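One letter stands for each residue in the lines below.
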Amino acid sequence: MKKITANLSILIALAISSSISAQESPEEPLEVKMPAKVMMFGVFHFSNPGLDLIKSSQINVLNNESQRYLKTLTSELGKQKPTHLLAECEPSEQDLINVKYKNYIDGKHELSSNETEQLGFRIAKAAELPNIICYDDQQIHNRQWTTRAYIEAADPDRYKEHTKFLKEYKKNTDEEQKYLSLRELLKLTNDVEYDKKNMNLSIRINDIKAGNIYLGAEGNSSWWHRNFRMYANIQKVAQPGTKVIVIGGQGHTAIMKILLNSDLQRKIWDVNGYL
C-alpha cells in the first residue's frame, strides 16, 4: 500500500510539473510585419509634355551614356526587391500601362523616352513585379495659373519681377540639362536644397491677394491638395511589410517627402544611396 501511495505521489508531482511548464512556456509569437519602406524617386520629366510652369530644354535620355547609366541604376534598384512600383500616371491609364509593360517583358515593346518606362518598367522587370501601379490624381484643377494672370493685370511691377525670376530659373535649368549628365541631374532632383528651390516657386507668390481673396494661397492649396491625394494613393499600397518605389516629378516628390517624413506608419527609403 505504501508503495502504491508513493508511486501515485510521483505521478501527481510529474503532472503538476508538466502543467506548470506548459503554463510558463511562451505562446507562439504572432507574425509582426515591419512598417512599409517608401522610396520617393524625384525626377524631371524625361519626355516633357510642356505643362509645367518652367518649360526647360531636355537632355536626351536615349543617348548611349544615359542608357548605360539607366541600365545600371535600374538593375541595382531591382536587386533591392521592391514589392511595388508606383508611377506618375492616371488610374485611367492603368490597363494601357500594364499592357505595354507585359509586352516589354515579352520583348514586344520598345521603351519610350518617358520616365515611367525608362525607370519604372526596367526596375519592375528586374524585381520581377507583375505590374506597374498608377498613383496620380488630376481631378483637382491647379489654380496657380490664376495667380500669375492676376498679377499681370493688377500689379505690372510685381509681374515684371516675377517674369524675370522665372526666366532666370529657366536659364539655370536649361544649362543643367545641357551640361550635366543624367546621373548628375537625378542627384539634383533628389537633393534637399533643390527641393526647396522647387517649392519656392509656389511660396514666392503665396502672398498675392485680390481684395479679401487669398489668391496665392488658394492657388497653392490646390497644388498641395493634388499631392495629398497622390500620397493617399501611395499609402493604400505602402502597407506593413512592403517596399515601395514611387517615381514622380520633383514638384510632387518635394512635397510628398515632407508628408512621408511626418508619416509614423512608414519609413523613408532614401534613393540617394543608389544614384
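The structure we're discussing is the one just above.
Being a predicted model, the structure only gives us computed values, none of them experimental. (Residues numbered from 1 in each chain as written. Predicted model: local features only at pLDDT ≥ 70, side-chain atom pairs only at ≥ 80, totals over all residues. Heavy atoms only, no water.)

Caption draft 1: Spatial organisation of the layout of surface pockets. Roughly 280 Å³ of internal volume is contained in the second largest pocket. N190, V192, D195, K257 and I268 are the residues nearest the centre of the second largest pocket, which is lined by 16 residues in total. For the lining of the second largest pocket, the elements supplying multiple residues, two or more each, are α8 (192–203) and α10 (250–261). A per-element tally of the lining of the second largest pocket places α10 first, with 5 residues. (1 Å grid on protein atoms, 1.4 Å probe; cavity = no way out; pocket = protein on both sides within 12 Å on 5 of 7 lines; lining within 4 Å. Points joined across faces, edges and corners; volume = space filled by probe spheres on them. Helix = DSSP H or I, 4+ residues; strand = E, 2+ residues; numbered from the N terminus.)

Caption draft 2: Geometry of the state of the cysteines. Counted by the stated rule, this structure contains 1 disulfide. Here C89 pairs with C134 through a disulfide, and the sulfurs are 2.1 Å apart. Handedness here is read from the sign of the S-S torsion; for C89 and C134, about -95°, the answer is left-handed. Taken together, the residues C89 in the loop between β2 (84–87) and α3 (94–105) and C134 in strand β3 (residues 133–134) connect sequence positions 45 residues apart. The class of C89 is buried, set by a relative accessible area of 3%. (Disulfide = S-S within 2.5 Å. Buried < 20%, exposed > 50% of the residue type's maximum accessible area, 1.4 Å probe, protein only.)

Caption draft 3: Just the side chain of D195, in detail. Checked against the element boundaries, D195 lands in helix α8. Among the polar contacts made by the side chain of D195, one reaches the side chain of Q250 at a distance of 2.8 Å. Not counting chain neighbours up to four residues away, the residues in contact with D195 comprise T189, Q250, A254 and K257. (Polar contact = N/O pair within 3.5 Å; in protein donor to acceptor, adjacent residues only side chain to side chain. Contact = heavy atoms within 4.5 Å.)

Caption draft 4: Structural context of helix α6 (residues 156–179). With 24 residues, α6 ought to run about 34 Å at 1.5 Å a step, and its terminal C-alpha atoms sit 34 Å apart, in line with that. Residues of α6 that are buried sit in contact with α5 (144–154), α7 (182–188) and α8. (Expected span 1.5 Å × (residues − 1).)

Caption draft 5: Just the packing of α5 against helix α9 (residues 215–237), in detail. In the contact formed by α5 and α9, the axes pass within 7 Å of each other and the chain directions differ by 155°. Here α9 runs roughly antiparallel to α5, going by the angle between their axes. In the crossing of α5 with α9, the sense of the turn from one axis to the other is left-handed. On α9, the residues touching Q144, T146, T147 and Y150 of α5 are L215, G216, G219, N220, S222 and W223. Residues of the contact of α5 with α9, tallied by class, amount to 3 nonpolar, 7 polar and no charged. (Axes fitted to C-alpha atoms, helices over the stretch in contact; angles between N-to-C directions. Parallel < 35°, antiparallel > 145°, perpendicular 65-115°, else oblique. Left-handed = near helix turned anticlockwise from the far one by under 90°. Nonpolar A, V, L, I, M, F, W, Y, C, P; charged D, E, K, R; others polar.)

Caption draft 6: Seen up close, the nonpolar core. Of all hydrophobic cores here, the largest spans 34 residues; its most connected members are F41, F46, L182 and L186. For this core, the secondary-structure elements that each account for two or more residues are β1 (36–43), α2 (64–79), β2, α3, α4 (115–126), α7 and β4 (243–249). Dropping the residues within four chain positions of it, F41 is found in contact with L73, L77, L119, L186, N190, V246, I247, G248, T253, V271 and L275. Among the nonpolar cores identified, the runner-up in size contains 16 residues, and V38, M40, I234 and L260 belong to it. (Core = buried A, V, L, I, M, F, W, Y, C linked by side-chain atoms within 4.5 Å.)

Caption draft 7: Focus on the environment of I123. Note on placement: I123 falls in helix α4. Under the relative-accessibility criterion, I123 is labelled buried at 0%. For the pair I123 and P82, spaced 41 residues apart in sequence, the C-alpha to C-alpha distance is 8.7 Å. The residues contacting I123, other than those within four sequence positions of it, are T74, L77, G78, P82, L85, I245 and I247.

Caption draft 8: The pattern of salt bridges, seen in detail. As enumerated under the stated definition, the model contains 10 salt bridges in all. Of the charged contacts in the structure, one is a salt bridge between R229 and D137, with a shortest N-O distance of 3.6 Å. Separated by 92 residues along the polypeptide, R229 in helix α9 and D137 in the loop between β3 and α5 bring together distant segments of the chain. When its relative accessible area of 30% is taken as the criterion, R229 is described as partly exposed. (Salt bridge = Lys/Arg side-chain N within 4 Å of Asp/Glu carboxyl O.)

Geometric values such as these leave the question of function open.
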